[in-house]
Amino acid sequence: MDAIRAAFQRKKVIRIAYIDFAANADALLEAMHRMDKTSGWKYSTQALMQPILPTIYAIEDELKNGTYRQGEETMFRLCERGHLRLVKALLARDMLAQHALVECVLVPVLQRYMMHDNGASLKGKGISFTRKRFEEHLRWHYRRHGTNGYVLKIDFRKYFDNIDHEKLLAAIADKIPDKSLQAVIRHILAANVVDVSDSPYTLEEWKGIPYNSLEMPQGTAGTKVLHRSIGIGSPFAQIAGIFFPTRIDTYVKTVRRVHCYDAYMDDRIAVHESKDFLIDLLGGIDEQAQALGLFLHPKKTQIAKLARGIRFLNTRYRLTETGKIIRGIPRDVVTRERRKLKHLAELVRQGEMTREQFIEQYKGWRGDKKRYDAHGIILKTDKLFKDLLGGMNHG
């Protein structure tokens, strides 16, 4: 990864195949160390490492020879912040191969074409980075327009379920002209095709219909197959998810020259003094999204007054007349945590969860709430936690 990144920083043309940066023992060993830190406790990771060198050499040969194929995934449902998601867990050897491919080739190359304010799943960035950049943009807007202005919030409907394979591959191939690498990516995408044989729609009709993996499970007949969808849970899905809408971001930042514009995975937000401008901008974004095969969420995509407050990345922002930014905790976030505490306390009483685990769960939720201006709400939640903890002691 350091070699390819240094080559780009020097603006030198890379004359060897891109795939060679991932298909070598050093890159795969580095990926193995990364897996050991994050998932070394898993049996599948430990089994992969016993012994590790034959596995690494086998994957290296498969990547170089174009014979690498992604194995069968394990699918499970995960409820995250009140949202049910279908997660696809890769085999340990596939995680190893994709970590090397992503970290040594895709991230250092594709990151150069993404806007700076795209903060998801990149080293040195993240949700805190995006929140900080958004607040900087709010202050920039306030210095010029005060609290006057509007906010455009954009959300894609079932984003990962509707990433078009051919369009994604074409976008990557435009930046990485390596046939061997493209062949590996094509095989990864082939493992994510969607069988909709059980649906009443034709393939032509499916072009205008968003696919929902939770409502339309995989069929078995193989008569109708959609070449879209990327399973959440793989390293490739992360970089693909943040790179794919680059066309939309370029349109907003470069073509329409919107300064206050931030992105985090499939969430996007723009602040501007003119409502008419944002309405026109939304029309242009919709055209770009349709060209990518994406669907804007009709309920979550909206334009609102800046003075009324903004919800972005699970934070409720309010810009006061003095320019102060007040960060509030959304009501549903607090309600969900209170319900969860009561449920977990019952599990502790039943012996299905330890008291220490209950405490650690609340510490995890409470940890990042220091940045909020919600002292009263946090005190009330602390009181509920202490009351539930006291009830355990008496029990």
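Worth saying up front: this structure is predicted, and the values here are computed from it rather than measured. (Residues numbered from 1 in each chain as written. Predicted model: local features only at pLDDT ≥ 70, side-chain atom pairs only at ≥ 80, totals over all residues. Heavy atoms only, no water.)

1. Details of the layout of surface pockets
Then, in step 1: In this structure, the second largest pocket occupies an estimated 430 Å³ of space.
Then, in step 2: Lining of the second largest pocket is provided by 19 residues; of these, Ser39, Lys42, Leu90, Met95 and Gly233 occupy positions nearest its centre.
Then, in step 3: Residue assignment for the lining of the second largest pocket shows that the elements contributing at least two residues are helix H3 (25-39), helix H4 (43-48), strand E2 (83-89), helix H6 (92-110) and helix H11 (235-243).
Then, in step 4: At four residues, H3 tops the list of elements feeding residues into the lining of the second largest pocket.
Then, in step 5: Tallied by class, the residues present in the lining of the second largest pocket amount to seven nonpolar, nine polar and three charged. (1 Å grid on protein atoms, 1.4 Å probe; cavity = no way out; pocket = protein on both sides within 12 Å on 5 of 7 lines; lining within 4 Å. Points joined across faces, edges and corners; volume = space filled by probe spheres on them. Helix = DSSP H or I, 4+ residues; strand = E, 2+ residues; numbered from the N terminus. Nonpolar A, V, L, I, M, F, W, Y, C, P; charged D, E, K, R; others polar.)

2. A word on the packing of helix H14 (residues 331-349) against helix H15 (residues 355-367)
Then, in step 1: Between H14 and H15, the least distance of the axes is 10 Å, while the angle of their chain directions is 170°. Comparing the axis directions of H14 and H15 gives the class roughly antiparallel. Here Val333, Glu337, Lys340, Leu341, Leu344, Ala345 and Val348 of H14 lie close against H15, whose contacting residues are Arg355, Phe358, Gln361, Tyr362 and Trp365.
Then, in step 2: Among the residues making up the contact of H14 with H15, the classes are represented as eight nonpolar, one polar and three charged. (Axes fitted to C-alpha atoms, helices over the stretch in contact; angles between N-to-C directions. Parallel < 35°, antiparallel > 145°, perpendicular 65-115°, else oblique. Contact = heavy atoms within 4.5 Å.)

3. Looking at the pattern of salt bridges
Then, in step 1: Taken as a whole and judged by the stated rule, the model has 20 salt bridges.
Then, in step 2: Residue Arg133 is joined to Asp117 by a salt bridge in which the shortest nitrogen-to-oxygen separation is 2.5 Å. Separated by 16 residues along the polypeptide, Arg133 in helix H7 (residues 127-145) and Asp117 in the loop between H6 and H7 bring together distant segments of the chain.
Then, in step 3: Classification of Arg133 as partly exposed rests on a relative accessible area of 22%.
Then, in step 4: Where Asp387 meets Lys383, a salt bridge forms, and the shortest distance between an N and an O atom there is 3.1 Å. Of this pair, Asp387 and Lys383 both sit in helix H16 (residues 375-394), four residues apart, roughly one helical turn.
Then, in step 5: Exposure remark for Lys383: the relative accessible area of 53% places this residue in the exposed category.
Then, in step 6: Here the residues in one salt-bridge network are Asp117, Arg133, Glu136 and Lys253, joined through shared partners. (Salt bridge = Lys/Arg side-chain N within 4 Å of Asp/Glu carboxyl O. Buried < 20%, exposed > 50% of the residue type's maximum accessible area, 1.4 Å probe, protein only.)

4. Remarks on the environment of Thr250
Then, in step 1: Tracing the chain through its elements places Thr250 in helix H12 (residues 246-255).
Then, in step 2: Owing to a relative accessible area of 36%, Thr250 belongs among the partly exposed residues under this scheme.
Then, in step 3: Between the C-alpha atoms of Thr250 and Ser234, which are 16 residues apart in sequence, the distance is 26 Å.

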